[in-house]
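A structural walkthrough
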Amino acid sequence: KYITPDITLRYLDGEYIIILNDITAPRLNINRFYRELMSKSDDPNIIEFLTDKLNSAMWVIKSIEQRRMTIYNVVESILKFQKDFFERGEKALKPLTLKDVADDIGVHESTVSRATNGKYIQTPRGLFELKYFFTSGVTSGKGDVSATSIKAMVRDLIEKEDPKKPLSDQKISNILKGKSISISRRTVAKYRDEMDIPSS
């Protein structure tokens, strides 16, 4: 199975361009036959019936367009909060909540949740589910650091370790504390487990 991204993010002439993929959304319009029937008919019952159906159809079309704009605004907000990620990779991913984005674009948190659910974005750094950008974090001496960013640091430390003297979870915890990132040995063990990296 292939994932068709709902949104494409391109980097052109020094700026990011958001492109919504309309293939994933239905394109709706009003059948001309019914419009003409409404204008030609003299029967008030037919006119009332067709007007009611036309208004319902217009409401559906307007709702779909509003949904497209919500998705666009959410992606624009994610781009604003996570610009460092797009420029420097997962180590630069910042903690971000649905509430942060909701407050930024002036909608309810549940609207952001529905807009991002099951949606994918193609970026210069690869294909990501929009949920990927919402991550918890810890406060460090250098500001807030996302869990994804810390996992990337743990992975880097393990990849660079001496195979004859592998780093223990406590040693990794101490190294990160030296970088002003305070996480416990148990958290390091949990992150190892989540990344399918065996213990030392």
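To keep things clear, this report deals only with the structure shown in the data block. (Residues numbered from 1 in each chain as written. Predicted model: local features only at pLDDT ≥ 70, side-chain atom pairs only at ≥ 80, totals over all residues. Heavy atoms only, no water.)

1. Considerations on unusual backbone geometry
What counts here: Every helix listed is a DSSP run of H or I at least four residues long, and every strand listed is a run of E at least two residues long, numbered separately from the N terminus. Exposure classes here rest on a 1.4 Å probe applied to the protein chains alone. A residue is buried below 20% of its type maximum, exposed above 50%, and partly exposed in between.
Despite not being glycine, aspartate 13 has its phi angle at roughly 50°, a positive value. Summarising the element assignment, aspartate 13 is placed in the loop between strand 1 (7-12) and strand 2 (15-20). At aspartate 196, a residue that is not glycine, the phi angle is positive and equals roughly 55°. Among the structural elements, aspartate 196 can be located in the segment after helix 8 (185-194). A relative accessible area of 70% means that aspartate 196 is categorised as exposed.

2. Some points on the packing of helix 6 (residues 147-159) against helix 7 (residues 169-178)
When two helices pack together, their arrangement is given by the angle between their axes and by how far apart the axes lie. The test is simple: Axes here refer to lines fitted to C-alpha atoms; in helices the fit is confined to the stretch in contact. Angles between the N-to-C directions go from 0 to 180 degrees. Note on angle classes: values under 35 degrees are labelled roughly parallel, values over 145 roughly antiparallel, values of 65 to 115 roughly perpendicular, and the remainder oblique. Helix crossings fall into two classes, left-handed where the near helix is turned counterclockwise from the far one by less than a right angle and right-handed where it is turned clockwise. Whether two residues are in contact is decided by their heavy atoms: any pair within 4.5 Å suffices. Gly counts as polar in this scheme, as do all residues outside two lists: the nonpolar Ala, Val, Leu, Ile, Met, Phe, Trp, Tyr, Cys and Pro, and the charged Asp, Glu, Lys and Arg.
Two elements in contact, helix 6 and helix 7, have axes whose closest approach is 11 Å; the angle formed by their N-to-C orientations is 120°. Classified by the angle their axes make, helix 6 and helix 7 are oblique. Crossing hand, helix 6 versus helix 7: right-handed. Contact with helix 6, carried on its side by Ile150, Met153, Val154, Leu157 and Ile158, involves Ile172, Ile175 and Leu176 of helix 7 and no other residues of that element. The residue makeup of the contact of helix 6 with helix 7, split by class, is 8 nonpolar, no polar and no charged.

3. What about a nonpolar patch on the surface?
What counts is decided by this rule: Patch construction takes residues with relative accessible area above 30% that form no salt bridge. Like charges are linked within 9 Å, and nonpolar side chains (Val, Leu, Ile, Met, Phe, Trp, Tyr) are linked within 5 Å. Method for areas: the Shrake-Rupley scheme with a 1.4 Å probe, in which residue coverage is limited to the protein chains shown. Salt-bridge detection follows one rule: a side-chain nitrogen of Lys or Arg within 4 Å of a carboxyl oxygen of Asp or Glu.
Among the surface-exposed residues, Phe33, Tyr34, Leu37 and Ile46 lie close enough to one another that they form a single nonpolar patch of about 370 Å² accessible area. The dominant element in the nonpolar patch, judged by the number of residues it contributes, is helix 1 (residues 32-40), at 3 residues. Position of leucine 37 relative to the elements: it lies in helix 1. For leucine 37, a relative accessible area of 34% corresponds to the partly exposed category.

4. Remarks on the packing of aromatic side chains
To keep things clear, this is the line we draw: Only the six-membered ring of Trp is used, alongside the rings of Phe and Tyr, when aromatic pairs are assigned; centres must lie within 6.5 Å, and planes under 30 degrees apart are stacked while those over 60 apart are edge-to-face, with the rest tilted. Lysine NZ or arginine CZ positioned within 6 Å of the ring centre and within 35 degrees of the ring normal marks a charge as sitting over the ring.
Applying the stated criterion across every chain yields a total of 11 aromatic pairs. An angle of 85° between the planes, with centres 5.5 Å apart, marks the rings of tyrosine 132 and phenylalanine 133 as edge-to-face. A relative accessible area of 0% places phenylalanine 133 in the buried class. Directly above the aromatic system of phenylalanine 81 lies the positively charged group of lysine 80, at a separation of 5.9 Å from the ring centroid.

5. What about the side chain of serine 41?
Note the cut-off: As used in this structure description, the phrase polar contact means that two N or O atoms lie within 3.5 Å; if the pair is within protein, one of them must be able to donate a hydrogen and the other to accept it, and residues adjacent in sequence are counted only when both atoms belong to side chains.
Its place among the elements puts serine 41 in the loop between helix 1 and helix 2 (44-81). For serine 41, a relative accessible area of 14% gives the class buried. Among the polar contacts made by the side chain of serine 41, one reaches the main-chain amide nitrogen of aspartate 43 at a distance of 3.2 Å. The contacts of serine 41, once residues within four sequence positions are left out, are Ile46 and Ile47.

6. Describing the pattern of salt bridges
Scanning the entire structure with this criterion turns up 10 salt bridges. The residue arginine 88 makes a salt bridge to aspartate 84 at a minimum N-O spacing of 3.8 Å. Taken together, the residues arginine 88 and aspartate 84, both in helix 3 (residues 83-88) and 4 residues apart, mark about one turn of the helix. One salt bridge connects arginine 155 with glutamate 90, and the closest N-O pair in it is separated by 2.8 Å. In this pair, arginine 155 is assigned in helix 6 and glutamate 90 in the loop between helix 3 and helix 4 (98-105), connecting sequence segments 65 residues apart. With relative accessibility at 28%, the residue arginine 155 sits in the partly exposed group. A single network of salt bridges, built from pairs that share partners, joins Asp84, Arg88 and Lys94.

7. Section: the sheet that holds strand 3 (residues 120-123)
The strands that make up a sheet pair up through hydrogen bonds in the backbone, lying either parallel or antiparallel. The line we're drawing: One requirement defines pairing of two strands: DSSP has to find at least two bridges between them.
Within the open sheet, the 4 strands sit side by side as 2-1-3-4. Their pairing is mixed. Each of the sheet's edge strands pairs with one partner strand only, and the pair in question is strand 2 and strand 4 (126-129). Going from strand to strand, the sheet's axes swing by 25° on average, the running direction of each strand aside. Relative to strand 3, strand 1 is paired through 2 bridges, and the arrangement is parallel.

So yeah, pure geometry; function would need other evidence.
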